[in-house]
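Geometric and topological summary
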Amino acid sequence: MSDLRECLLLGLGNPLLDITCNVGEDFLNKWKLKANDAILADESHKNLNKEMVDTYRCEYIAGGSCQNTLRTVQWMLHKPNICTFMGGIGDDHFGRLMSENSKAQGLNAVYRIDKTVPTGTCACLISQGNTCRSLVAYLGASQTFDIQHLLANYSYVEKAKIFYTTGYHLAVSADSIMNLAQHAHSNPGKLFTMNLSAPYISQAFSKQLLEAYLYVDILFGNETEADAFAELNGWPTKDRKVIAKLAADMECRRKSGRTVVITQGKDSVLVAKTDCPDVKEFVVKAVDESLIVDTIGAGDAFVGGFFAQLVRNRELEVCVESGIYAAQQVIQQIGAHFPKDMTFDK
Ligand code: 26A
Ligand code: 26A
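As annotated in an unreviewed UniProt entry, the chain carries the name Adenosine kinase and is attributed to Oppiella nova. Listed in UniProt under the heading Pathway (unreviewed entry), the comment for the chain reads: "Purine metabolism; AMP biosynthesis via salvage pathway; AMP from adenosine: step 1/1." Per UniProt, the comment on the chain under Catalytic activity (unreviewed entry) is "adenosine + ATP = AMP + ADP + H(+)".

Below, the structure is given as structure tokens:
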């Protein structure tokens with residue numbers, strides 16, 4: 001582990017402060033929220049966070065998909081500042097909570113701070129004795145990130161060897177993403193990696209996605225995102241192994257080709273590579289249903305576990321095993337939290 005240096009991995013995404021608490025049915029009804037749902041906040045949710053905080057004991061965590069992934073890497077590596085995270089927050093109390101929390105978890109967060117827009121949040125309302133989760137995301141200042149911030153902090157780009165961005169961020173700063181992609185492309189040994197993030201990205205941001213995809217060394221996605229990507233490309237198949245292989249074989253500017261990693265919940269993880277006819281299948285070992293609290297953040301943690309080995313140049317098999325390990329720890333906790341101990345020891 002001694003050869004691990006700081007700022008090896010640079011991530012770009014939407015920082016959202018996850019605000020989690022247990023609520024009663026009446027609270028959900030008052031805010032017209034379904035017990036199991038994930039929505040974007042609108043005008044009607046303006047005071048939701050405040051009322052949650054005033055009414056219940058809330059837990060805060062530096063969330064947002066990319067930041068969750070990088071926190072996972074730090075959790076597994078026990079050495080601070082291996083990961084740099086960039087994204088936009090506000091100049092407010094929630095922004096300061098976010099900074100404190102990400103720092104406490106070992107992240108080197110280089111936030112763009114916007115004076116006019118509040119920090120993004122994700123309200124996570126748990127109900128019915130831990131069995132239901134209602135998520136309300138307010139994207140706020142996460143949408144104010146711009147390429148100027150990246151350019152002003154370019155020393156972190158120079159230092160990094162692996163770049164990771166969420167598909168979500170294609171909607172925020174596609175030019176920053178392209179800048180990272182091209183930086184990796186013109187610097188031998190660097191890797192550009194991306195997540196599909198959500199089916200709607202393949203639908204509403206296909207142009208930006210396909211442009212960045214030319215430079216992707218490693219693509220991550222789950223089953224529904226893989227299906228949406230197949231649909232975008234007009235592939236008439238539901239066979240995920242075929243989808244993974246077709247995705248790996250799309251035009252690629254990277255000399256060494258591309259790796260596509262698809263997670264499927266309790267089903268096997270699929271890995272396809274350019275110039276490799278077989279799609280590898282990694283069996284996911286069963287987790288006793290009674291131990292599963294919720295699957296919030298499982299996909300984010302999978303990618304983090306994968307990276308925790310990739311930064312140490314471990315082979316693909318160990319990266320995937322570590323991804324499964326991290327995801328399975330997170331599904332046994334509320335939200336995108338980890339247990340205290342980390343017992344993966346390959
Ligand atoms: C653009 N959107 C909707 C989002 C998110 C998001 N992260 C980035 N962009 N909506 C929810 N999240 C985060 O997803 C995590 C679970 O995977 C939440 O903050 C939560 O921690
Ligand atoms: C029974 N369920 C829901 C599950 C899982 C699971 N592992 C076992 N049982 N749901 C998710 N995972 C883990 O999280 C990753 C990302 O979804 C798997 O490792 C999966 O690859």
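Let us now look at the UniProt feature "active site" (unreviewed entry) in the chain. Summarizing the sequence annotation, UniProt attributes the feature "active site" (unreviewed entry) to Asp 300 in the numbering used throughout. Among the secondary structure elements, Asp 300 is positioned in helix α12 (residues 298–310). In this structure Asp 300 touches Ser 65, Asn 68, Thr 69 and Thr 72, once residues within four positions along its chain are discounted.

In the vicinity of ligand 2 there are 13 residues, among which Gly 265, Ile 292, Ile 324, Ala 327 and Gln 328 approach most closely. Compared with its free state, where it exposes 450 Å², ligand 2 has 88% of that area covered by protein. It is helix α13 (residues 316–330) that contributes the most residues to the shell around ligand 2, three residues altogether.

Regular strands have side chains that alternate between both faces of the sheet. Taking burial as the measure, the seven residues of strand β10 (residues 132–138) include six buried ones, the bulk of the element. Pairing of strand β3 (residues 37–40) with β10 involves four bridges; the strand directions are parallel. Directly across from Ile 39, in β10, lies its bridge partner Val 136.

Across the chain, the bulk of peptide bonds are trans and the bulk of non-glycine residues have phi less than zero. Even without a glycine there, the phi angle at Asn 81 is positive, about 65°. Its place among the elements puts Asn 81 in the loop between α3 (65–77) and β5 (83–86). The backbone of Ser 197 sits at a positive phi, close to 70°, despite the residue not being glycine. If you trace the backbone, Ser 197 turns up in the loop between β12 (191–195) and α8 (199–204). Residue classification places Ser 197 among the buried residues on the basis of a relative accessible area of 9%.

Let us now look at the nonpolar core. Phe 302, Phe 306 and Phe 307 are the most contacted members of the largest nonpolar core, which totals 67 residues. Looking at this core, the element that brings in the most residues is α13, giving nine residues. Every residue in contact with Phe 306, bar those within four places of it in the chain, is listed here: Ile 218, Phe 220, Val 261, Leu 316, Cys 319, Val 320, Ser 322 and Gly 323. Counting 45 residues, the second-largest nonpolar core is a separate cluster that includes Phe 145, Tyr 154, Leu 196 and Ala 212.

Here is what the cut-offs are and how they apply
- Residues numbered from 1 in each chain as written.
- Chains lettered and ligands numbered in written order.
- Predicted model: local features only at pLDDT ≥ 70, side-chain atom pairs only at ≥ 80, totals over all residues.
- Heavy atoms only, no water.
- UniProt positions renumbered as here; feature names shortened; annotations may be inferred.
- Helix = DSSP H or I, 4+ residues; strand = E, 2+ residues; numbered from the N terminus.
- Contact = heavy atoms within 4.5 Å.
- Near = heavy atom within 4 Å.
- Areas by Shrake-Rupley, 256 points an atom, 1.4 Å probe, with all protein chains shown as cover.
- Buried < 20%, exposed > 50% of the residue type's maximum accessible area, 1.4 Å probe, protein only.
- Pairing = 2+ DSSP bridges.
- Core = buried A, V, L, I, M, F, W, Y, C linked by side-chain atoms within 4.5 Å.

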